[in-house]
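Letter by letter, the chains look like this.
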Amino acid sequence: MKKLLLAFLTVMYSCCLLAQLPQPTDYLQPSFHKGRREALRQMMPANSVAIFFAYPERVFSNDVNYRYHANPDLYYFSGYTEPEGVLLVFKEKQTAGSDKPYNEMLYVRKRDPRRETWTGKRLGVTGAQQKLGIDLVLENTAFEKLPIDLKTFDKIIYGGVKDLADNVNSKEDVYDLVRIFKAKAGVADLNDDFAADQAKIAASPYLAGEPYRSRVIHYLQEKAAASAAFRNDPTYQAMLSTKDSAAMAAIFEGINKRQVNHLLFEEFTNQLRQIKTPEEMELLRKAIDISSLAHVEAMKAVRPDMSERELQGVQEFIHKKLGAEDVGYGSIVGAGENGCTLHYEENSATAIGKNMVLMDVGAEYHGYSADVTRTFPANGKYSAEQKQIYDIVYDAQEAVFAICKEGTSFAAIEDTAAAAVARGLMRLGIIKSADEVRKYYPHGCSHFLGLDVHDKGDYDILKENMVITVEPGIYIPPGSACDKKWWSIAVRIEDDVRIDKKKMELLTNLAPRKTQDIEKIMQEKSFVDDLKIALPTPKKAF
Ligand code: GLY
Ligand code: MN
Ligand code: MN
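To start, this report covers the structure provided alongside it. Because the structure is predicted, anything quoted here is derived from the model rather than measured. (Residues numbered from 1 in each chain as written. Chains lettered and ligands numbered in written order. Predicted model: local features only at pLDDT ≥ 70, side-chain atom pairs only at ≥ 80, totals over all residues. Heavy atoms only, no water.)

**Some points on the coordination of the manganese ion (ligand 2)**
So, step 1. Each protein donor to the manganese ion (ligand 2) is listed here as D371 (OD), H447 (NE2), E471 (OE) and E494 (OE); together their distances run 2.0 to 2.1 Å.
So, step 2. Coordination at the manganese ion (ligand 2) comes from six donor atoms whose angles at the metal span 51 to 156°, giving a geometry best classed as irregular.
So, step 3. Along the chain, the residues donating to the manganese ion (ligand 2) fall in the pattern D-x75-H-x23-E-x22-E.
So, step 4. The distance between the manganese ion (ligand 2) and the manganese ion (ligand 3) comes to 3.4 Å, with D371 serving as a donor to both metals. Taken together, the residues span a long stretch of sequence, with H447 in the loop between helix 16 (410-427) and strand 15 (467-470) and E471 in the loop between strand 15 and strand 16 (473-476) at a distance of 24 residues. Neither residue differs from the other here; H447 and E471 are each classed as buried. (Donors = N, O, S within 2.8 Å, 3.2 Å for Na, K, Ca; no water. Tetrahedral: all angles 85-135°; square planar, octahedral: opposite > 155°, others 65-115°. Helix = DSSP H or I, 4+ residues; strand = E, 2+ residues; numbered from the N terminus. Buried < 20%, exposed > 50% of the residue type's maximum accessible area, 1.4 Å probe, protein only.)

**A short note on the packing of helix 13 (residues 278-301) against helix 17 (residues 515-522)**
So, step 1. Where helix 13 contacts helix 17, the axes come no closer than 7 Å and their chain directions differ by 65°. As summarised for this structure, helix 13 and helix 17 are arranged roughly perpendicular, according to the angle between their axes. Across from V296, M299 and K300 in helix 13, the residues of helix 17 making contact are I518, I521 and M522.
So, step 2. Of the residues belonging to the contact of helix 13 with helix 17, the class tally is five nonpolar, no polar and one charged. (Axes fitted to C-alpha atoms, helices over the stretch in contact; angles between N-to-C directions. Parallel < 35°, antiparallel > 145°, perpendicular 65-115°, else oblique. Contact = heavy atoms within 4.5 Å. Nonpolar A, V, L, I, M, F, W, Y, C, P; charged D, E, K, R; others polar.)

**Points about the packing of aromatic side chains**
So, step 1. On inspection of all chains with the given rule, the structure shows 19 aromatic pairs.
So, step 2. Ring geometry for F90 against Y102: centres 6.0 Å apart, planes inclined by 70°, an arrangement best described as edge-to-face. With a gap of 12 residues between them, F90 in strand 4 (residues 86-94) and Y102 in strand 5 (residues 102-108) connect regions that are remote in the sequence. We note that F90, like Y102, is buried. (Phe/Tyr/Trp six-rings, centres within 6.5 Å; stacked < 30°, edge-to-face > 60°.)

**Some details on the coordination of the manganese ion (ligand 3)**
So, step 1. Coordination sphere of the manganese ion (ligand 3), protein contribution only: D360 (OD), D360 (OD), D371 (OD) and E494 (OE), at 2.1 to 2.3 Å.
So, step 2. Each of the six donor atoms around the manganese ion (ligand 3) contributes to a set of angles spanning 57 to 172°, which defines the coordination as irregular.
So, step 3. Positions of the donor residues of the manganese ion (ligand 3) along the chain correspond to the pattern D-x10-D-x122-E.

Such coordinate-based values are descriptive only and should not be taken to indicate function.
Rendered as structure tokens:
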């Protein structure tokens, strides 16, 4: 009877496969993810294990979740994109709990026909074995019975999980999986994130110049204010009672040597993900080409009576038309002074009017995100003031492009961009000295780009096949201490570049950057020009 049922299910399954509609065929292959696991293993110290958890699901409203987004690290090393998964990568072959030796294990959600009717197919154990090619795949309900004693490893390479909260709907959600892991690994306190914090403290421009001890305390105060548990954490308490920077550094040295080790996690994932493989470049190029073409369409479509949201829709339509699943970050469409809010996402102004619109919009294609900004006037012609500010930003970008090659430091990029913006603003009398430049240019110039829009990497020296953004900007809010004629002008130009040994490759070349080229393209027709659609006039019922 059982055999008969199995045969029936197999036939049904094959029929489903036959009936499947066409799907994209350019996903990363299991061989890519396997290669990444192997590269990680090469870096790992003897007798160690690396562990990756899926991101938690997030509620959008009542019983509706936000679209699920895979944890880029888990995806990079496994190809698994569902929630509630755990990947373990071992340095050495293991044998416990399996007939065959294995050096990697993936725990996945089990198949559930009732849930799948609502939310779609799950891979399950068999699907994950076939599709991902990982040595040993088990259901996540079995994670509690992990056949290996984690405490016997010299290093457990773990990076923490962002925004972890208990989702009471499931006993196998990430909160529970991490809880089980911590019990098995003997993690006693909450200090998960201290290693990641170190990198952020080191990189933060806001804390630069303060002695090390006070930088750490300033940084951690925010966390302490938000959480009583954090305030009582023994490591945090020990940090507070340090007398000087040397004592603080000694605490971090201790953290860095811990068995459950975040520093190694950051080091290995940064080193691997910052250099793009040819397969990754192919997907990144698609994300960037799609985004660049969408910017061109927005240039053609924009009109003074258009709303910010409408323009966002034009651009995101092109993303979908060309196959992108989503945007890599919330689309920023800011007219006039709204452009001064660096990550403005409300996009609520109902008309752009005489202003320029700053569009920072990038597509995500098979996990890889573009990050592109163009700024243009809704009426098709830059005013004299708009053009003067625009050209300063353009020149700053050109100055950075000239040094974008292997061996250049991020610090040199930041200095070059800030110096060029400062020179321009001084020339126009908007600032008096270069040290005022941060009033109108308050962000950095470059970040890595990849599976995250602000991608992982060592923000140190550029190497071949890194992909970074170059994005200087000038933002002059109303009321600024300069001539009124500059108020409400906000310009950012953001391009994506691949670093080569002796030069760089401009990946965003499909979207024009020069004012003349943009003005020319704006005269062309857009597919929305003839779109006639409006809500019916409301009847006066009350
Ligand atoms: N779109 C966010 C950024 O430019 O960094
Ligand atoms: Mn950016
Ligand atoms: Mn951007």
